[in-house]
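Spelled out from the first residue to the last, the chains are:
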Amino acid sequence: MATIWKGSLSFGLVNLPVELRSAVRADHISFRLLHEEDLAPVKFERVCSRTGEVVPWQEIVKGYEYTKGKFVVLTDEDFKAAALETSKVIDILDFVRTDEIDPRYFETPYYLVPAKGGDKPYALLREAMRRSNVVGVGKIIMRQKQHLAGIRVVDDALVLEIMRFANELVSDDELRFPGSDLVRPQELQMAEQLVQNLAEPFDPSKYTDDYRANLMKVIKAKLKGKKIEVAEPEGDVEDTKVVDLMARLRASLKQTDDRGAKRGGGKRAAPKAAAKAGAKKKPVAKATASKAAGTKRRRSA
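Participant: For this particular structure, what's the right way to read the sheet that holds strand β6 (residues 106-114)?
Facilitator: The strands making up a sheet associate through backbone hydrogen bonding, with each pair oriented either parallel or antiparallel. Within the closed barrel, the 7 strands sit side by side as β1-β2-β6-β9-β8-β7-β5. Their pairing is mixed. Averaged over all adjacent pairs, the angle separating strand axes in this sheet is 40 degrees, with direction ignored. Direction of pairing for strand β1 (residues 3-11) relative to strand β2 (residues 14-22): antiparallel, over a ladder of 8 bridges. Its bridge partner being in β2, Phe11 is matched across the sheet by Val14. The strands touched by helix α2 (residues 119-132) are β1, β2, β5 (89-97), β6, β7 (134-142), β8 (145-154) and β9 (157-163); relative to β9, the strand with the most contacts, the crossing angle is about 70 degrees.

As structure tokens, then:
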């Protein structure tokens with residue numbers, strides 16, 4: 001994995017040399033636009049919207065639209081005047097508890113890899129952060145642009161995640177969401193039981209891109225000259241019935257209970273009382289303890 005950025009990570013008076021490397025890789029299928037007649041790739045040109053003529057690169061400038069159809073042009077000197085002083089230091093400004101940061105702030109992850117001579121301070125910072133359960137928040141300049149960054153511990157790695165600034169998030173005040181007063185206690189109890197029945201340890205390998213897999217099958221079939229048969233889509237049927245939420249919850253619970261019984265002899269069988277609309281809600285701590293005990297028994301078995 002190529003190094004994207006080299007510099008140092010600073011916390012307090014401690015500096016440790018690090019390299020930034022991508023923690024994700026693109027895995028999408030790319031396509032070229034072709035001329036149908038001869039399958040020649042199609043080029044895109046810069047065309048003036050007023051004259052319809054192609055504009056060469058040397059005649060193109062950057063403009064900021066301050067009002068509809070009105071622009072102020074910025075030159076290279078203007079961008080230089082606004083540029084920040086180049087820095088090769090990620091200065092951690094604050095350490096914040098992990099559960100205090102809204103996940104919407106996080107965007108792109110990178111591995112922070114210790115450079116020569118940085119192993120010991122790297123391990124020291126990692127273990128201190130792990131024990132304190134915190135995220136280091138700082139700033140980094142990459143490709144002449146300043147980014148907010150969060151540094152967290154993932155196994156034995158320090159992972160830097162590019163973060164969004166506060167003004168980039170859409171406030172939930174701009175949208176309407178239902179209140180909790182719409183939920184009846186009986187419905188909530190059954191929904192909690194359903195969630196517990198479906199709870200599993202996170203295994204990312206279980207989740208695959210089915211559309212990508214199907215697309216690759218189509219591509220390989222066409223390469224072999226096979227004809228692709230497309231199934232006729234079923235027409236959308238409008239459901240005008242009033243949803244009986246309790247009935248749906250009961251059916252869902254039965255389905256998950258049956259699935260659990262097939263996999264592990266009823267490891268998540270719901271209490272009979274939970275299936276009754278007027279069942280008394282059990283304390284969450286008791287349900288959690290019961291689940292933990294079940295897990296321990298399965299491990300010992």
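Participant: Is there a simple way to think about the layout of surface pockets in this case?
Facilitator: Any empty space left between the atoms is revealed when a probe the size of a water molecule rolls over them. Within this model, the second largest pocket holds a volume of roughly 330 Å³. Taken together, Cys48, Ser49, Arg50, Val55, Glu59, Ile60, Val61, Lys62, Gly63, Phe71 and Val73 form the lining of the second largest pocket. Secondary-structure elements contributing two or more residues to the lining of the second largest pocket are β3 (62-67) and β4 (70-74). Among the residues forming the lining of the second largest pocket, the class breakdown is 6 nonpolar, 2 polar and 3 charged.

Participant: Would you mind going over the environment of Phe31 with me for this structure?
Facilitator: Along the chain, Phe31 turns up in the loop between β2 and β3. Beyond its immediate stretch of four places on either side in the chain, Phe31 contacts Leu215 and Ile219.

Participant: What am I meant to see in the pairing of β8 here?
Facilitator: The side chains of a regular strand alternate between both faces of the sheet. Where β7 meets β8, 7 bridges bridge the pair, whose relative direction is antiparallel. Note that in β8 the partner of Gly138 across the bridge is Ala149. In sequence, β7 turns back onto β8 through a hairpin of 2 residues, with Arg143 there showing a positive phi of about 50 degrees. What sits between the antiparallel neighbours β8 and β9 is a turn of 2 residues, in which Asp155 has the positive phi angle 55 degrees.

Participant: Mind showing me how you'd approach unusual backbone geometry here?
Facilitator: Both trends apply: most residues other than glycine have a negative phi, and most peptide bonds are in trans. Within the chain, Asn133 stands out as a residue other than glycine whose phi angle is a positive 55 degrees. Checked against the element boundaries, Asn133 lands in the loop between α2 and β7. Relative accessible area serves as the criterion here: at 35%, Asn133 is assigned to the partly exposed category. Despite not being glycine, Asp155 shows a phi value in the positive range, around 55 degrees. The topology assignment puts Asp155 in the loop between β8 and β9.

Cut-off values and rules
Residues numbered from 1 in each chain as written. Predicted model: local features only at pLDDT ≥ 70, side-chain atom pairs only at ≥ 80, totals over all residues. Heavy atoms only, no water. Pairing = 2+ DSSP bridges. Helix = DSSP H or I, 4+ residues; strand = E, 2+ residues; numbered from the N terminus. Axes fitted to C-alpha atoms, helices over the stretch in contact; angles between N-to-C directions. Contact = heavy atoms within 4.5 Å. 1 Å grid on protein atoms, 1.4 Å probe; cavity = no way out; pocket = protein on both sides within 12 Å on 5 of 7 lines; lining within 4 Å. Points joined across faces, edges and corners; volume = space filled by probe spheres on them. Nonpolar A, V, L, I, M, F, W, Y, C, P; charged D, E, K, R; others polar. Buried < 20%, exposed > 50% of the residue type's maximum accessible area, 1.4 Å probe, protein only.

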